[in-house]
Amino acid sequence: MRFRPLRSAAPSATEVVEVTAPPPVMRAVVYDAPGAADVLRETELPVPAPALSELLIRVVAAGTNPIDTKTRSGRGVTGQIPEYPSTIGFDFSGVVVKSPFEAHPLQPGDQVFGMVPFPRSGGTYAEYVVVPSLSVARKPAALSHVEAAGVPLAALTAWGLVVETAHAHEGQRVLIHAGSGGVGHFAVQLAAYFGAHVTATGSETNLGWLRELGASVAVDYATTRFEDVVGEMDVVIDLVGNVHDDTGSRSLSVLRPGGLYIMVPTGGWDGYADAAASAGVRATTYKVVPDGSVLATLGRLLDSGAIQVYIDRVFDLAHAADAHREVERGHVRGKVVLQVAEA
């Protein structure tokens with residue numbers, strides 16, 4: 001597979017990076033109320049202090065996800081944000097600055113990646129974050145910080161969908177909508193890795209790439225009705241929902257009796273459960289679990305080359321609004337990442 005080469009300058013994950021005491025304040029991107037991308041602004045905030053088993057991380061790069069743009073616009077997890085101004089962002093790659101105790105497996109200078117408990121805490125669009133140690137793993141040695149920042153939320157979501165919910169196995173027939181996106185490109189790879197026969201939908205420009213990722217069948221959603229070419233699927237992983245062309249409703253017709261429909265996007269289709277029951281299939285939503293042990297497993301798969309991450313575009317932290325606009329335009333291949341600091 002051909003991926004954007006961003007690895008040459010990356011230090012090994014086994015290399016301990018020299019750390020210094022954090023400054024009293026840090027750069028961060030915040031917003032004062034939900035709105036368009038223009039509400040994002042750069043400011044200075046106090047560096048957060050870890051407590052109990054938490055780690056303080058110096059962020060090198062942060063992932064940008066559709067849930068970020070939804071939340072910023074007033075949807076997503078807006079209702080759980082405790083106060084404004086608020087930082088935003090779920091995943092990161094960076095360096096441990098403070099560890100909970102001397103014998104903790106992760107110590108200052110260790111390079112790590114993971115997820116913060118946003119919106120309960122500050123997000124990753126900042127130079128420092130506090131994160132539960134159980135939501136962190138060592139950064140894969142094969143990845144730069146920019147690449148690693150594109151992994152946690154998307155890959156953990158894909159793992160939960162493919163492995164823990166669909167129980168992917170040899171010969172299973174899986175349809176994945178939006179297979180070239182952040183979650184989708186991991187889901188296609190993982191489903192194929194575990195032996196499933198994968199059909200993926202995407203745009204015409206991504207069909208060849210989807211096959212490289214492991215899809216046996218790639219369907220151009222713009223020119224082909226997927227229900228005309230696939231059927232009797234065991235599982236549909238729907239990363240679109242009914243927000244576009246009734247993708248969710250149409251997906252129920254291609255499942256075998258008793259098959260499983262997984263509705264992923266927040267707000268993607270409120271009536272999925274009743275419709276699935278009427279169609280004689282099972283249905284569930286899925287929410288990502290920030291499990292550091294699973295992230296470590298994914299890290300080993302990334303280091304071995306069994307799966308890869310694709311970074312579509314990289315923006316400086318100061319241009320977070322442009323990154324959000326890029327995500328909202330759609331058609332992102334893989335992930336959009338913010339460069340927060342130098343490695």
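These figures come from a predicted structure and were not determined experimentally. (Residues numbered from 1 in each chain as written. Predicted model: local features only at pLDDT ≥ 70, side-chain atom pairs only at ≥ 80, totals over all residues. Heavy atoms only, no water.)

## Brief notes about unusual backbone geometry
Piece 1. Cis geometry marks the peptide bond from Tyr84 to Pro85; its omega dihedral reads 0 degrees.
Piece 2. For Pro85, the position within the fold is in the loop between α1 (66–72) and β4 (86–87).
Piece 3. Across the junction of Phe118 and Pro119, the peptide omega takes the value 10 degrees, indicating a cis bond.
Piece 4. Here Pro119 is to be found in the loop between β6 (111–115) and β7 (128–132).
Piece 5. At Leu52, a residue that is not glycine, the phi angle is positive and equals roughly 50 degrees.
Piece 6. Here Leu52 is to be found in the loop between β2 (41–46) and β3 (54–64). (Helix = DSSP H or I, 4+ residues; strand = E, 2+ residues; numbered from the N terminus.)

## Focus: the environment of Ala276
Piece 1. Within the secondary structure, Ala276 sits in helix α8 (residues 272–279).
Piece 2. Relative accessible area serves as the criterion here: at 1%, Ala276 is assigned to the buried category.
Piece 3. Spatially, the C-alpha atom of Ala276 lies 9.7 Å from that of Gly258, the residues being 18 residues apart in sequence.
Piece 4. Once you skip the residues sitting within four places of it in the chain, Ala276 turns out to touch Leu252, Val281, Arg282 and Ala283. (Buried < 20%, exposed > 50% of the residue type's maximum accessible area, 1.4 Å probe, protein only. Contact = heavy atoms within 4.5 Å.)

## Side note on the sheet that holds strand β13 (residues 255–263)
Piece 1. On the basis of which strands lie adjacent, the open sheet formed by 6 strands has the order β11-β10-β9-β12-β13-β14 and parallel pairing. Single-partner strands in this sheet number two, and they are β11 (217–220) and β14 (282–285). Mean inter-strand twist for the sheet, computed between neighbouring axes without regard to direction, equals 15 degrees.
Piece 2. Where strand β12 (residues 233–238) meets β13, 5 bridges bridge the pair, whose relative direction is parallel. Along β13, the bridge assignment pairs Ile237 with Ile262. (Pairing = 2+ DSSP bridges. Axes fitted to C-alpha atoms, helices over the stretch in contact; angles between N-to-C directions.)

## A word on the packing of aromatic side chains
Each aromatic ring pair is summarised here by two numbers: the centre-to-centre distance and the angle between the ring planes.
Piece 1. For the structure shown, the criterion picks out 6 aromatic pairs.
Piece 2. Judged by centre distance (5.4 Å) and plane angle (75 degrees), the ring pair of Tyr31 and Tyr84 falls under edge-to-face. Here the residue Tyr31 occupies a position in strand β1 (residues 25–31), and Tyr84 occupies one in the loop between α1 and β4, the gap between them amounting to 53 residues.
Piece 3. Tyr31 sits in the buried class, given a relative accessible area of 0%. (Phe/Tyr/Trp six-rings, centres within 6.5 Å; stacked < 30°, edge-to-face > 60°.)

## Observations regarding the domain arrangement of the protein
Interfaces are often described in size by the accessible area the parts lose on coming together.
Piece 1. When its domains are assigned, the protein resolves into domain 1 (25–139 + 310–339) and domain 2 (154–285).
Piece 2. In this structure, domain 1 and domain 2 have C-alpha centres spaced 28 Å apart.
Piece 3. Contacts between domain 1 and domain 2 engage 11 residues on the former and 12 residues on the latter.
Piece 4. Here domain 1 and domain 2 share 0 salt bridges between them.
Piece 5. Connecting domain 1 to domain 2 are 6 residue pairs in polar contact (both at pLDDT 80 or more). (Domains from an automatic or database assignment. Salt bridge = Lys/Arg side-chain N within 4 Å of Asp/Glu carboxyl O. Polar contact = N/O pair within 3.5 Å; in protein donor to acceptor, adjacent residues only side chain to side chain.)

## Some remarks on the UniProt feature "domain: Enoyl reductase (ER)" (unreviewed entry) in the protein
Piece 1. UniProt annotation of "domain: Enoyl reductase (ER)" (unreviewed entry) refers to residues 35–338 when read in the numbering used here.
Piece 2. Overall, residues 35–338 shows 28% helix and 27% strand. The separation of its end C-alpha atoms is 20 Å. (UniProt positions renumbered as here; feature names shortened; annotations may be inferred.)

## Brief notes about the pattern of salt bridges
Piece 1. As enumerated under the stated definition, the model contains 16 salt bridges in all.
Piece 2. When the shortest N-O distance is used, the salt bridge between Asp38 and Arg325 registers 2.2 Å. You can see Asp38 sitting in the loop between β1 and β2 and its partner Arg325 sitting in helix α10 (residues 320–329), a full 287 residues away along the chain.
Piece 3. Here Arg325 falls in the partly exposed class, since its relative accessible area comes to 27%.
Piece 4. The residue Arg138 makes a salt bridge to Asp110 at a minimum N-O spacing of 3.4 Å.

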